[in-house]
Each structure stands twice: as C-alpha cells, then as structure tokens.
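# Architecture at a glance
In case you want the letters, here they are:
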Amino acid sequence: MNFQVYDSLRRTKRVFEPAEPGKVRMYHCGPTVYGEAHIGNFRSFLFADALRRWLELSGFEVTQVMNITDVGHLRDDDPEGGEDKLESLARKTSRDPWEIAAHYTDVFLGDVDLFRIRRAHHYPRATEHVPQMIAQIEQLIERDHAYVTDEGQVVYSVPSYADYGRLSGNTGDDLLPGARVEVGSDKHDPRDFYLWKKDPHHLMQWDSPWGRGFPGWHIECSAMGQHLLGTTLDIHTGGEDNVFPHHECEIAQAEGATGETFVNYWMHARFLQIDGGKMSKSLGNLYTVRQLAEMGHPPEAVRFALLRSHYRQVLNFTFAGLEEAAANVRKLRHFAEEMRDAAHGAEAGAAPEWLTRCVRRFDDAMNDDLNLSGALDGVFSLLHEARRHEAQGADAAAALAALQRFDQIFDVLRESPAADDAEFAAQVDALIERRAAARAAKDWAAADALRDELAALDVELLDGKDGKVTWRRTSSNANG
RNA sequence: GGCGGCAUAGCCAAGUGGUAAGGCAACGGAUUGCAAAUCCGUCAUCGUCGGUUCGACUCCGACUGCCGCCUCCA
C-alpha cells in the first residue's frame, strides 16, 4: 500500500508521490522565538517529526526545513500603532530584540532535543535571509504581482493572482466588515498585503531597493522555502491557524514569483484543547513543554500523549491523559524487556502469522494519512498476541524487532539518561532479601511492609514462579 | 457576517453503506499467602430530528453544542 496524504488544498486524500523519486523536500512552519513553545506548538512539531520518521522508515530520503521566525510579524491593518511582538517584548524588558530571539531560539532547540524531535536539516532564521526575500519581492514587482507605494512600501496585489483563496476558501470578498477598513492606507485593494514595510520605530531594519525597512509577515516562508528546497516543495506543514492568511499568502507569493506550483501537498495539524476547551493564557491553561518537564512528566510521556491521536483531529489534552500515556510507555518498555529475556539471545526468525498481522495493521494505518491512533492498535495487538502465544526464542526476537521498528515513530522506548547506580540496586536487593525471609517465615505483615517500602522507591516487584523475584522501576522518568 | 472542522462507551481515541479498533478505568475468572505483573472473559449502536437506501453510525438536510480561521496564535 502506498502512503496516502490528505492534502488541505485539494481537500482530499492522495497517494504521496514526491517530485523526485525517493526524495522528499518538506517545509514546516516553525516557532516565533519571542517566548517558550507551548504544547500546542509541539503537537504540530511532533506531527512533523512523525511524518518525517514515517517517510524515512518508508525509505525516502527526507530534507526537512523549519523556519525560525525571529523578525516577528507586523500587524497589517494597523500601520500606525503596529508593533511586532519581539519589539514590544524588547521594550518591556529593555533588551535587544536580537538577543531575545537568539535566546529563545536556543530554548526552542533545547526543547526539540529534550522531546526527541529529530533535528531538521535546516533551521533558517528570517533575519539571515532578508536578501532572498528582497529578491523574491523584486520578482513579484517584475511580474506585476506587487507595486511600490509613494512611501516606498511594497504591496502584494491580491487581484493579480487569480487563485488567491483556493487554500482557505477565503477569497477575501467577504471579510469581516470593518476589520479591514484601512486608515490612510496606500493599498489598491483591501486584501493586498505588505511585502516590504517601513516604520522608523521598528528596531530591526534592513537596506533594500526601496529604502530601509523590514519584510512583511509572509514573505519569509516562501522565500526561505524556495531558497533551500527549490521552486516546488513536496510537503508543507503547519498548524491549522496558518492556513489563512499565512499559507494563502505564501502560495500567492511563491507562485506569483515563479509561475510554478509552490507545494504539492499541504498538511495542517489541528489544534489541541485542554480539558475539552480552548487553551489560552488568560484561562491559565497554557503549558509550555518546559513546564511539563519541570512538573516531572517524562518527555516520552508527553510525546506519546501528543502523538496518539490523529493529527487532523482536535486533541484533548488532560493531565489524566498524560498519566495514562506515561503508563502506556512503561507498558511498552516492560514488554520490550520481556521479549528480550524470552528471546534468550536468539536472532529474529521469520515472523509468525500473528506478528505479520500486527505489523500490517500498523503499516496500513500509518500509510493512511499517518493514522497514529490506528497504528497503536497494531502496537498493542503485538503485546497481546506475543504474550498470548508465549513467544520464545526467534519469535520473541522478531516481536522485539517489530516493536523497535514501531518505536522508530514514537521513540519512547529508550530511557532518559539513567539515574541507576549500583548502590540503589544493592539497596533494593537487600530489601527483597529481607522480604523473602519474611515470606519464608510466613510473616505476611512484614513482607507487605517491605513491599510498600520498595514501592515508595518506585520499585515494582515481579513475583515469578519458583520464588524468583525480579524488580523494575515504575517511574518512566529516570531523571527524577 | 464570511470560510472551515468536530460531535463514537466513565475517560482518551480509530473506523466502516451491511450491524463499531485500541488504550485507561471498572467488573468476573485464572494465577498469588494477599497483591502486583500476566492470561481468559464482560463492558457502546456511534449529539438530536428528518430524508435517501434492501440496509446508515458511515450519504444528504435541519437543529443543538463545541472548536478553528477571517487582528501578527501550531
């Protein structure tokens, strides 16, 4: 079965075929670095990561680009008082906007690593690609898709691009009455948007053929995307809120400048909600991924919680769900250990029928527009079937291999850097020995007390047959 | 006002024109000194009302609720 992708532009699922066989060029709308990324951002980034991982697992050679917006976006409907977020933050904190952007870029990349997101091949900074943006703006002027105002601002002419509105359905004819009333605007059409702006109060300024100024809010993605990946990208992703106006404008810019298709497959991740409602700062339910980590939630649990539902469905984030995800991660790890033991060092043999079925279930779901929820059916079926068939030797090794392959997507199996040490193990073993003695003496109260003591250390006992006792940590957070 | 999406068991969450995956929780059984882990089993007719159809939860319409975009938020 081929990989099918839901294309937001055509509003239908299509078989994915990259422009160049075997190679995928994809672009993701990344963070605006004036603050820490929250879990909503990370849902979108984790989706992009899972997409990349599945493509790679499917044998594609992927080149991934994620922009870092360090200029900020100017408001377009309020040229007088318009202020960019980086600037306002800079004014409030009396810090240099460049410093702020650099700081939060580092924080972001740290979060990326912490949450095991594979690093993109390029993280272009908008501030480092102003020449490319200027070049694209020049192309647009040449091709009559943009005009220069008397003040030297450059504006994209929406009426010049017939397909405007194809992605979002927003042709712009019926925009909210009043919202786009221009005050002293120099635009020819209310829908037109700025490519190059001027504002003496803006802290970040660059020279251009039209004088000192700064780029508009959409040009960075089309310019950097095409600069790094070529005229046509295979896949472009972002959050659903990017559809309009951002991606609509990107298409108008990129295709206006080159006359060629900008993106073959548009993929948009839906928002997540918190406890069934919207997430917002004012409701006090906006969490950054750092906060979750600081609360002691292991990154693997957060990954699992954000990956286990389909990217095109609203995801309901709850702390109960996060705990559940952590329990699932532990379950998977325990199963991996079990299979490792049961394999007795055997090589993976030919997959038994039950295993093939689980793998097929997983692959089919993944190929169906990255249906991670459906894929989990395959994952948990594997646990169930392997235990039911009491997989041993080569079968167990094969089951483990299958699980590890699934984990190429989820990446939750490996422990965070272990805090384990010999001293702790010795302490645990001593307690287990005392418990064994108590049990031998049928002093159940003492035995249970020792078990509780071990539980307090996050140690779970596994009483096997023949009195063999093994133990494992219940916390999947080995950093704790 | 314009554009778009969602509504599946206590919770999370897939899916299909022919009678609904999986996870968590719960319950019964096996196992256990008791537990844990594991195994076996139980647990929904798919927001409401109409329509199309031999047959719909899946298609269409209306309604209700929720969510997103149209002010820089993934």
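Residues numbered from 1 in each chain as written. Chains lettered and ligands numbered in written order. Predicted model: local features only at pLDDT ≥ 70, side-chain atom pairs only at ≥ 80, totals over all residues. Heavy atoms only, no water.

## So, the packing of helix α1 (residues 39–57) against helix α12 (residues 393–410)
Taken N-terminus to C-terminus, the directions of α1 and α12 make an angle of 140 degrees; their axes are 8 Å apart at the nearest point. By the criterion of interaxial angle, the relationship of α1 to α12 is oblique. Packed against α1, whose contacting residues are A50, R53, W54 and L57, the element α12 presents R405, D407, Q408 and I409 at the interface. Looking at the contact of α1 with α12, its residues break down into 4 nonpolar, 1 polar and 3 charged. (Axes fitted to C-alpha atoms, helices over the stretch in contact; angles between N-to-C directions. Helix = DSSP H or I, 4+ residues; strand = E, 2+ residues; numbered from the N terminus. Parallel < 35°, antiparallel > 145°, perpendicular 65-115°, else oblique. Contact = heavy atoms within 4.5 Å. Nonpolar A, V, L, I, M, F, W, Y, C, P; charged D, E, K, R; others polar.)

## A few points about the confidence of the model for chain A
Mean pLDDT over chain A works out to 88, with 91% of the residues at or above the 70 mark. This model gives residues 74–82 a pLDDT under 50, and the stretch forms 19 contacts once residues within four places in sequence are excluded. Low pLDDT (under 50) marks residues 176–183, which in the prediction has 8 contacts with non-local residues, meaning those over four places away or in another chain. Overall fold confidence for the complex sits at a pTM of 0.90, while the interface term, ipTM, reaches 0.92. (pLDDT = per-residue confidence, 0-100.)

## So, the nonpolar core
With 128 residues, the main nonpolar core has L382 and F410 as its most contacted residues. When residues of this core are assigned to domains, at least three map to each of domain 1 (4–269) and domain 2 (274–410). Beyond its immediate stretch of four places on either side in the chain, L382 contacts F335, W354, L355, C358, A399, A402, L403 and F406. Judged by nonpolar contacts, the second largest core, of 8 residues, contains F424, V428, I432 and L450. (Core = buried A, V, L, I, M, F, W, Y, C linked by side-chain atoms within 4.5 Å. Buried < 20%, exposed > 50% of the residue type's maximum accessible area, 1.4 Å probe, protein only. Domains from an automatic or database assignment.)

## Comments concerning the packing of aromatic side chains
Here the structure, examined in full by the defined rule, presents 20 aromatic pairs. Aromatic side chains W54 and F362 sit 6.1 Å apart centroid to centroid with 70 degrees between the ring planes, which places their arrangement in the edge-to-face category. Placement of the pair is W54 in helix α1 and F362 in helix α10 (residues 353–367), with a sequence separation of 308 residues. When sorted by exposure, W54 lands in the same class as F362, which is buried. Above the plane of the ring of Y194 lies K197, whose end atom (NZ or CZ) is 3.8 Å from the centre. Positioned above the aromatic ring of Y6 is the side chain of R312, whose terminal nitrogen or guanidinium carbon lies 4.0 Å from the ring centre. (Phe/Tyr/Trp six-rings, centres within 6.5 Å; stacked < 30°, edge-to-face > 60°. Lys NZ or Arg CZ within 6 Å of the ring centre and 35° of its normal.)

## Notes on the sheet that holds strand β6 (residues 154–156)
Spatial ordering of the open sheet is given by β5-β6-β7-β8, a layout of 4 strands whose pairing is antiparallel. Both edges of this open sheet fall to β5 (146–148) and β8 (214–215), since each of them pairs with a single strand only. Pairing geometry for strand β7 (residues 193–197) and β8, over 2 bridges, is antiparallel. From the neighbouring strand, K197 faces β8, where its bridge partner is F214. (Pairing = 2+ DSSP bridges.)

## Let's talk about the sheet that holds strand β4 (residues 61–66)
The strands making up a sheet associate through backbone hydrogen bonding, with each pair oriented either parallel or antiparallel. Strand order across the open sheet formed by 4 strands is β4-β3-β9-β10, with parallel pairing between neighbours. Each edge of the open sheet carries a strand with a single partner, namely β4 and β10 (263–269). Sheet twist, expressed as the mean angle between neighbouring strand axes with direction ignored, is 20 degrees. Pairing between strand β9 (residues 233–239) and β10: 6 bridges, direction parallel. Each residue of the ladder has a partner; that of L233, found in β10, is V263. This element, α1, spans β3 (23–28), β4, β9 and β10 of the sheet and lies at about 150 degrees to β9. Each of β9 and β10 touches helix α6 (residues 243–258); the most contacted strand, β10, lies at about 170 degrees to it.

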